[in-house]
Structures are given as structure tokens and as C-alpha cells.
Amino acid sequence: MIGLISATAAGAAARDRLAAAWPGRTRVYEGPVGRSVELAFAECDQLVCFLATGAVVRLIAPLLAGKSADPGVVCVDEGQRYAVSLLGGHGGGANELAAQVADVLGCAPVVTTATDAADVPGLDTLGWPVEGAVAPVTRAVLDGEPVALRADAVWPLPPLPGNVGADGDAVLRVTDRVVEPGAREAVLRPPSLVVGVGASKNAPLDEVLGLVEETLRDAGLSALSISALATVDAKAQEPGIVGAAQRLGVPLVTYAPERLASITVPNPSGAPLAAVGTPSVAEAAALAEGGELLVPKRKSRTPPGPAGRAAMATCAVVRRAPRGRLAVVGVGPGARDLLTPRATRELRRAAVLVGLDQYVDQIRDLLRPGTRIVESGLGAEEERARTAVAEARAGHAVALIGSGDAGVYAMASPALAEASGDIDVVGVPGVTAALAAAAVLGAPLGHDHASISLSDLHTPWEVIERRVRAAAEADIVVTFYNPRSRGRDWQLPKALSILAEHRDPGTPTGVVRNASRADESSRVTTLAGLDPATVDMMTVVTVGNTATREVAGRMVTPRGYRWQS
């Protein structure tokens, strides 16, 4: 929840705009400002104060508890010119909140966190627990001092500056092992461990949690690297297991007994087979998604005393190999403001960027320092797809870019045909050329429509012609991609002639070149009036259906509602 506090009429107006923009996310605090700040600081995850920064500093100073506990605080000035990230830039999310407030109010975000100012990912923003000398190592990274990166495996981290490498007095270590950090050593805890847990009915929380913690401690493994507790479906509501997951701050995943029974384990037992239908719970659940069994099944300690009962909990520990990450990103039709915020985040998260050289040039300035760029020219689509998948399989965070939407005549298809289940894949939609051109033309896609590429480099013309004919017979609006090039000058006239067999010569037809770019041009003509010689590969051609009309110079295809006439 975001607490909103204001002191003046102007501040209240801005406060109310923010509250209206974020329904359910905010809580408005009325009354004396000091008391409002005190309440919001205790009750909310973040605060937006429409007050002077000096006033907010004085009000929150007595309330500060520590970096990990304090909420993020953003200040907005009386003139609504700036949204200042004042407290909790990373841990409290104030830097991101300042940007969001700025988007709503139309002001400038002010972020003074050193890593953000230098465009370097902060160690506390990677989503993993971090221990040790975080501040000294961060300072060494920012100062360009050599920082040694010592990792047990390749993980899909965001790009790190060039001074983070093999040597240096400052050390950034990535490991799930218990280590004693040096005076200039920070330790990132990757989510590499899965702990399988079995328990008898009503096994005490302390027994389950104590077994997990003791097992990890004896194996020299950090509990901060646990990615999940795993068990059988029948134990999904077992209080001791559920409570242990909550105390450790990790999800609880469960599996059907049939799935666990199919997994080969070193220590099967008849007891769980009779109780829940699988000869192994702890080991099998830990191994369900693969990995290396580091600690075989262990039982909890029995209570001391002459009448000590049987152990009620078991656990096993598996280390899963890192999974690389492939983000397939659509960068839009060319205009920067049509690049989505999600696409921007993925580009900045990627340590490796793969793309066509001209598309890389469009977004090069958005990349973080240290991003490795693999670019190639036209005609190397399959090579780029293979490269991106190979880099992800090597454990890296990879972004593969395509123009428009990467899933429409772009890189998603060849990449995902190459990728198997050993990497994580994220798709980021983009504004494709058909939509960008349609927005320029008016509303030509108001009813059923199809996109057809006229390039026969990868698809036989017989197949393309069959699709054009089907769209023509079905009276569907058609957008032609790749309509004409120097080496392919007959396909567009042929496609238009097929449409002309079923549509009036006066059917509105739109031609848009370089949609959304600085040299954009467009015109609305007719099916008979379109001169194919004026069309090239940078052009999108949209041919209306029998209902499409030209209204005030714009193409409009009625949606078909009964009340429209």
C-alpha cells in the first residue's frame, strides 16, 4: 500500500490525481501532517509526500529503523515539477516509484542512488539475497576498480561493468555455499537449492524447520539459496511444512504421488508408499525437476527421554543447475515512444543482446554498460536464433530483438523452434507494423483481418497464393508484409489481382511507409489505383473488405454492430 500525504490545496489536487490513477494501491491520510506521516510510515510499504524534502526529512528522521525495514519515500514539490526518491531507493522501491509518479503527474523523476546514476545494477536490486561488504564492493564497481567475480556457475545476471572480472582486491562471489566474507567481499545467493520435505501428520513446525536448517548447516549450504520446499500433494496443507516454507520465505511446491514414484532415489521406503502412495517423498520431491542430490534423506532428531517418539520429518537437498533466460523482445515499428516499458526493462536486464544490426542501432542507447552485443545483417535470421539460444543455454540472460512484435514475421518463431525446455523463455510483445500502419490510416482493421507476407524466400508462392485467395473469398481485410523488393516485383500485382476478383476496384487501400518513423509517409488510394511500383520492403499495404469505406481521408472498416448503419 502507498500512503499519500499532502499539506496544501495544490498538493491535495496532485494527491487525488495519483489516487485516481492507482485505485486500490493507495491510501490517503488526512489531518495533521506529522501524525499522517507517522501513521503511513508504520502502515504502508511506500509513501508519496506532497511536501518539501526538508520537511519530510525532519518528520521521518525519528521513525527510521534501518535500510531493510523502512518504506520507500518519494517527495513531490508544490509545483509538481519533480518526484524525488528520498528514502529506500532500492530496498523500498522508491526509485521505481518516483518514475511511476512522474509518469502520472508529468514531472521529472529525481534519483540520486549512485548505481542508478552510473547506470550500474545495484547488488541489492538483482532479486537475490546479498551478504557481506555490499557497500565497499559497490563502491569499487562504481569507481572502476578491478572487482573479482567468483561464481560457482554461470547465472543469468544483468550486465556488469567491464571492471568486474577475474581479478581484484574487491570480490563479488556468487555461491550457495556458506563462506565467511572478507572485508571487501560481497556474496550473492543464487536460488540454486531445493529442499524436499516429508512429514508425519501434525509434525511440529520447529521439528521440520529445525531439520532443514540443521541439514543445510551440516552440508555447508546457505538457507538464503533455497528456491523452494518441495513435497507430495497430500502434504500441501501440512502445518509444519507450510509454516517452514513461510518462515524461510520460499514457495512450497507439491507433486502428485505418481510423479514422485517414477523418480529413482537412493533411499526408497515402504512407509511413505503405504501412507501417501510413493516410496519417496523428500528425495523424490527434491529431484522432481532434476539436479544433483547433495544431501540424501535425513530424519529429524527424536525428542530426548526414555519415551522418545519416532522422527516425524525427513528432508533431502538438491542443487539445480542454473537456467539461462531468453527474452524475445519486440522493439516496435521504430518510434521510441512505441517501445513498451516492459521491452525497455528486458533490454536493460540482458547481459547479451542478439539482433539485426539496424534494429540494434535503434535501442543501443538503452543498454547498460557491459552488455555484450551480437549483431548481424539481413538474411542471418536462423544464425541469430541459434546464437541467442546457445547463449541462454550457457546460462546467460539474453535478449533477442525483432522489429514490431517479435512473434510476427520476426525472431520468436525461429528461436523457439530451436529452444528446448532447458532454458526459461519470456516473450515481450511489441507494436507490429500492421497495427502501426492501421493507426496511421484510420481504422482499417475494425473487423476480421489477416496479415500475409508476400516474400517467397521461405514460403513457396503456391502456398502464399492459396492464402491470398482464401482471404479474398472470405472478404477479410488483408495487410501485406514484405510486399515488394527489387528482386520480387511481380508478387504484389498478382496478389492485388486475386483480391480484385472478389472486390470492387474502388475498395479503399492504404499504403504506409516507415510507419511511426521520422520519414513516415502514407496515403489512401483504391485497389485499382494502387501503383505497385511505389511500394517497397519498408511499406505495409492494407486492402479493405467490401464494407471498408473512406471517411474524411481515412480508411474505416465497420465493426458490424447492428446499430451501425
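Anything mentioned here points back to the structure above.
The residue numbers shown here count from 1 along each chain, following its written sequence. Local features in this predicted model are restricted to residues of pLDDT 70 or higher, and side-chain atom pairs are both shown and tallied only at a pLDDT of 80 or more, whereas totals for entire chains, interfaces and linings draw on every residue. Side-chain numbers come from the whole structure's heavy atoms, not from hydrogens or water.

Some details on the side chain of T479
Piece 1. Along the chain, T479 turns up in strand β24 (residues 477–481).
Piece 2. Exposure is judged per residue with a 1.4 Å probe applied to protein chains only, and the accessible area is read against the type maximum: over 50% gives exposed, under 20% gives buried, and values in between give partly exposed. In this structure T479 comes out as buried when scored by relative accessible area, which is 1%. A run of H or I in DSSP counts as a helix once it spans at least four residues, and a run of E counts as a strand once it spans at least two, with each numbered from the N terminus.

Here we look at the nonpolar core
Piece 1. Within this scheme, the nonpolar core is defined by two criteria: the residues are buried Ala, Val, Leu, Ile, Met, Phe, Trp, Tyr or Cys, and they are joined through side-chain atoms within 4.5 Å. V195, V197, V208, L216, I226, L229 and V317 are the most contacted members of the largest nonpolar core, which totals 22 residues.
Piece 2. The set of elements that each furnish at least two residues to this core consists of β12 (193–199), α7 (205–219), β13 (226–232), α8 (239–248) and β16 (313–319).
Piece 3. Counting residues per element, this core draws most heavily on α7, at five residues.
Piece 4. Residues within four places of I226 in sequence aside, it is in contact with L193, V195, V212, L216, L248 and V250.
Piece 5. One finds I452, A471, V511 and V541 within the second-largest nonpolar core, a separate group that totals 20 residues. Should any heavy atoms of two residues lie within 4.5 Å, those residues are considered in contact.

A word on the sheet that holds strand β15 (residues 292–299)
Piece 1. Note on pairing: DSSP must find at least two bridges between two strands before they are called paired. Strand order in this open sheet of five strands is β14-β13-β12-β16-β15, and the pairing throughout is mixed. In this open sheet, the two strands that pair with only one neighbour each are β14 (252–255) and β15. Averaged over neighbouring strand pairs, the angle between their axes works out to 25° when direction is ignored.
Piece 2. Judged from the seven bridges that link them, β12 and β16 form a sheet pairing that is antiparallel. Pairing of L193 across the sheet is with R319, part of β16.
Piece 3. Docked against the sheet, α8 engages β12, β13 and β14, running at close to 175° with respect to β13. Angles shown run from 0 to 180 degrees and are taken between the N-to-C directions of axes, each axis being a line fitted to C-alpha atoms and, for helices, limited to the stretch in contact.

Re unusual backbone geometry
The phi torsion of most residues other than glycine is negative, and most of the peptide bonds are trans.
Piece 1. One non-glycine residue, Q80, lies in the positive phi region at around 55°.
Piece 2. Relative to the assigned elements, Q80 resides in the loop between β4 (72–76) and β5 (82–87).
Piece 3. Backbone geometry places Y409, a non-glycine residue, at a positive phi of 50°.

Here we look at helix α2 (residues 33–43)
Piece 1. Along α2, the residues classified as buried are S36, V37, A40 and F41. Buried residues of α2, viewed axially, fall in a sector of 130°; they line one side.
Piece 2. The inward-facing, buried residues of α2 contact β1 (2–6), β2 (26–29), β3 (46–50), α3 (53–60), β4 and β5. Relevant arc is that of directions from the helix axis to the C-beta atoms, nothing else.

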